[in-house]
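Working through the structure, step by step
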Amino acid sequence: MRLAANPGGRKLRIIPLIAATYFMVSGGPYAIEDILGGAGYTTAIVILLVLPFLWSLPTTMMIGELASSIPAEGGFYVWVRRALGPFWGYQEGWLSLSASVFDMAIYPAFFVTYLGKFNPALTAGWHGWAWSLAVVVVCCVWNLRGAPSVGDGSVWLFLLLLSPFAVFVALAFLKGFTAHPAVHWSHPASQSTLFIAIQVAMWNYMGWDNASTVAKEVENPQRTYPRAMIGSALLVAFTYVLPLLAMAYAGLSAESFSTGSWVDAATSVGGPLLGMAVVAGGTISGFGMFNALVMSYTRLPMAMAEDRMLPRAMARVNARGVPWVSVLLCGFAWALALKLPFERLISIDLTLYGASLLLEFVALVVLRVREPKLHRPFRAGNLAFACALGVGPAALIAYQFYGSRNEQVVEGFSAILFAFLVALVGPILYWLTTWGQNRRRLAATAAD
């Protein structure tokens, strides 16, 4: 077991952990517009209600067991390494960190998109890149204050983020009760729009395992993690579905509903002031997601460095137990990626994340077989049930692979091929790392 990153300091409690997990996974209803616009109310609501049972619930149960039984810094990387050995542990870390490059460029861009709705001049030209860079810098500095600070901040950001939607839901249902508008529950959806809706929903429901990387900075992780996973899963589904139901009941059209359309819906129900409040919530969403994910991703290089899979400097921590070298280097890498159009590369993000997630489900089963006496404060059913947990996520990942097989990232490169090439770098890097270590070990032996 690894040493605690923050052995004597204040730690994350359940409410801040739920709030931080919420931002790692969701960030509010802002990214579900394309599901509604492509599929209509009925199909969108069914997707958002069914997917948690096939995708989120199995994942949260798997994480609840592994995080409570092995509460180590590095989370899923440590689980896979312990179950399957250093090679697959390294691949788990590589897949997650490479996916983060495609993922983390989205959130500063999301912040800038909504900021520009206040005044386009604020984000015109180089100003947009400057704001994105500011998000990276501020979040890295905030993270240097420690996981409890990020968790406490996530609670306040969560309340600010959802306040406009609480008003919107109340006014929309009131309009439905008083005006009795016609509700157009569904409209025809093609096979391609249905795939896009499911793909976007998978993306909006992924990332539950990210909270596991700060296990040693969580108070009583054996008890806290299972409760936080289930609580945040219910909260995410609730905050996705309820605004859609309210919007449908108010008689608002789902046609052409796309990214940013929540502002128009809020304005039509509550006026310009509510519309601007939703715009402000969009900036909070982008900032909050980036801030929480900095906390998660930067623990991976630290854990890998402790296993000598990365330079030892990556494991250095400050007085608050934060791996400051990892924070600064990861922040620098994400800053370099800000101007790349990664917001279009959801297929690559899902493919790399999906591969790493499947390794975690394999680790769950292997640890059940190899370490039956491991203390498990939370157990996800018997062995057969643990094996069955990965079936739903595996089927959805296979569907994602099939549906995006012809999606082009650049000329001649499909999203699947590009993701495969990125994943292939992992074994090469592992071989180079172990080759160098073996050479130094042999040299030291020869010297003796």
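Going by the structure above, here's the rest.
Residues numbered from 1 in each chain as written. Predicted model: local features only at pLDDT ≥ 70, side-chain atom pairs only at ≥ 80, totals over all residues. Heavy atoms only, no water.

Let us now look at the side chain of Ser 56. Turning to its location among the elements, Ser 56 is positioned in helix α2 (residues 33-69). Ser 56 gets classed as buried once you look at its relative accessible area, which sits at 1%. Polar contacts involving the side chain of Ser 56 include one to the side chain of Trp 208, which spans 3.4 Å. If we ignore the near neighbours within four places in the chain, the residues touching Ser 56 are Leu 51, Tyr 205 and Trp 208. (Helix = DSSP H or I, 4+ residues; strand = E, 2+ residues; numbered from the N terminus. Buried < 20%, exposed > 50% of the residue type's maximum accessible area, 1.4 Å probe, protein only. Polar contact = N/O pair within 3.5 Å; in protein donor to acceptor, adjacent residues only side chain to side chain. Contact = heavy atoms within 4.5 Å.)

So, about unusual backbone geometry. Residues other than glycine seldom take positive phi values, yet Asn 220 does so here, at roughly 50 degrees. Residue position: Asn 220 is located in the loop between α8 (191-204) and α9 (221-249). Classification of Asn 220 by relative accessible area gives partly exposed; the value is 41%. A positive phi is found at Arg 308, a non-glycine position, where the angle reads about 60 degrees. Note on placement: Arg 308 falls in the loop between α12 (299-306) and α13 (324-336).

A word on helix α6 (residues 126-143). Given a rise of 1.5 Å per residue, 18 residues ought to cover 26 Å, and the 26 Å separating the end C-alpha atoms of α6 matches this to within 8%. Inspection of α6 places Gly 128, Ser 132, Val 135, Val 136, Cys 139, Cys 140 and Asn 143 among the buried residues, and these make up the whole buried set. One side of α6 carries all its buried residues, which in axial view fall inside an arc of 120 degrees. Packing partners of the buried residues in α6 comprise α5 (106-118), α7 (147-179), α11 (272-297), α12 and α13. (Expected span 1.5 Å × (residues − 1). Arc of directions from axis to C-beta.)

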